[in-house]
Amino acid sequence: MNAIPETRARYRDALPQLADVPFLTDGGIETTLIFHDGLELPHFAAYDLLARDNGADALRRYFEPYAEVARVSGVGIVLETATWRANPDWAERLGHGPEELAELNRRAVRLLEEIRADFETETTPIVISGCVGPRGDGYVVGEAMSAEEAEAYHAVQIDTFAGTAADLVTAITMTYVDEAVGVVRAAQAAGVPVVISFTVETDGRLPSGQPLREAIEEVDERTDGATAYFMVNCAHPSHFDDVLEPEAPWTARIRGLRANASRLSHAELDEAEELDEGDPEELATDYVALRAKLPELHVLGGCCGTDHRHIGAMSKAWLSAGEVPG
């Protein structure tokens, strides 16, 4: 247990989830920690636990069941650091200065290195992703940045990840294109692979109002296709199923999905006082049904309301539907 961390990334030069094999990722970390574990997360910031006594243990208890699901299933898994809020604006609200913030980002990576040392096998590669969140809320655009401003802003966190064993960075819950473009450019400058995950409203459009297709195509056009792949997160499959075009090149760029357990809108979720966990088996069935519309979908995980039970159901349903581990 608690092996000495590596000093270099293991998979940065060849991400194994780019092969045509199923991969898992984790679920709704913040909702799990708040509603299941009873922890206080000011500003929905899971990374703050790393600054508290026994906080790393709480995060380890969150991640280990996912690693075990992957190991039992014989598939790989991408584990996202608990750093969705670990950028300068949110850190200022939480009272963390620049040096402490950088150390907490590094600490988040080291925690996943320890889990990888304990759980990785030949059939279960464990990829470490440095999670980048939006500068703003995550459900609404708010005060938008230019791509240049976003690049400079997110470079602070991405440059920190570049100096760790993180294999890639993943920008989760992106609400508008300019911020996503800035993240991609910052990752390019740092020499780290990057994934962009957009969130959508119940009409399949980004919170900015832009159609998902246009957003993916615009990011690719403005960054010369530098994004390793795209994902959709913090939305139920029913929110975007109708906008997918299975034969279109942009749809083939979507390789991952981290759906909400709930069919509620962002506004409704924001007001909810109880966790809507949905039905793990039903959500898993929804994922399998998307195979016809998302031909490159291989990375399966969850967002708000999901936990390791949902991911386990996804893995079982996906493998039973015919895609076997490589």
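Structure: above.
S.K.: Kindly report on the overall build of the protein, identifying the contributing residues and their values.
M.R.: The number of helices and strands found in the protein is twelve helices and eight strands. By its C-alpha atoms, the protein is 45 × 45 × 45 Å across when sized along the principal axes. For the protein, with 326 residues in total, the buried portion stands at 56%. Between the mean site of the 26 positive side-chain charges and the mean site of the 58 negative ones, the protein shows a separation of 4 Å.

S.K.: Go over a negative patch on the surface, please, and point to the residues and values.
M.R.: A cluster of acidic residues, Asp 137, Asp 270, Glu 271, Glu 273 and Glu 274, forms a negative patch at the surface. Along the polypeptide, Glu 273 turns up in the loop between helix 10 (266-271) and helix 11 (280-289).

S.K.: Hey, could you go over the packing of helix 1 (residues 29-36) against helix 2 (residues 55-73) for me, with residue numbers and the actual values?
M.R.: Geometry of a packed helix pair, given as the angle between the helix axes and the separation of the axes. The interhelical angle for the contact between helix 1 and helix 2, taken along N-to-C directions, is 115°, at an axis separation of 11 Å. The handedness of the crossing between helix 1 and helix 2 comes out as right-handed. Residues Ile 29, Thr 32 and Leu 33 of helix 1 form the contact with helix 2, whose participating residues are Ala 58, Leu 59, Tyr 62 and Phe 63. Among the residues forming the contact of helix 1 with helix 2, the class breakdown is six nonpolar, one polar and no charged.

S.K.: Tell me about the packing of helix 6 (residues 177-190) against helix 7 (residues 212-222), and name the residues and values.
M.R.: For the pair helix 6 and helix 7, interaxial distance at closest approach is 10 Å and the crossing angle is 40°. Like other packed secondary-structure pairs, helix 6 and helix 7 cross with a definite hand, here right-handed. Across the interface between the two elements, Val 177, Asp 178, Ala 180, Val 181, Val 184 and Arg 185 from helix 6 touch Ala 215, Glu 218, Val 219 and Arg 222 from helix 7.

S.K.: Which residues make up the packing of aromatic side chains, and what are the values?
M.R.: On inspection of all chains with the given rule, the structure shows four aromatic pairs. An angle of 75° between the planes, with centres 6.4 Å apart, marks the rings of Phe 44 and Trp 84 as edge-to-face. Placement of Phe 44 in the loop between helix 1 and helix 2 and of Trp 84 in the loop between strand 2 (76-80) and helix 3 (88-94) is noted, with a sequence separation of 40 residues between them. Owing to a relative accessible area of 28%, Phe 44 belongs among the partly exposed residues under this scheme. Centroid distance Phe 198 to Phe 230: 6.3 Å. Interplanar angle 10°. Geometry classified as stacked. One end of the pair, Phe 198, is in strand 5 (residues 194-198); the other, Phe 230, is in strand 6 (residues 229-233), with 32 residues separating them in the sequence. Summarising the burial analysis for this pair, Phe 198 and Phe 230 share the class buried.

Reading the values: the criteria
Residues numbered from 1 in each chain as written. Predicted model: local features only at pLDDT ≥ 70, side-chain atom pairs only at ≥ 80, totals over all residues. Heavy atoms only, no water. Helix = DSSP H or I, 4+ residues; strand = E, 2+ residues; numbered from the N terminus. Buried < 20%, exposed > 50% of the residue type's maximum accessible area, 1.4 Å probe, protein only. Lys, Arg positive; Asp, Glu negative; His and termini not counted. Charge placed at Lys NZ, Arg CZ, Asp CG, Glu CD. Patch = residues over 30% accessible without salt bridge, like charges linked within 9 Å, V, L, I, M, F, W, Y side chains within 5 Å. Areas by Shrake-Rupley, 256 points an atom, 1.4 Å probe, with all protein chains shown as cover. Salt bridge = Lys/Arg side-chain N within 4 Å of Asp/Glu carboxyl O. Axes fitted to C-alpha atoms, helices over the stretch in contact; angles between N-to-C directions. Left-handed = near helix turned anticlockwise from the far one by under 90°. Contact = heavy atoms within 4.5 Å. Nonpolar A, V, L, I, M, F, W, Y, C, P; charged D, E, K, R; others polar. Phe/Tyr/Trp six-rings, centres within 6.5 Å; stacked < 30°, edge-to-face > 60°.

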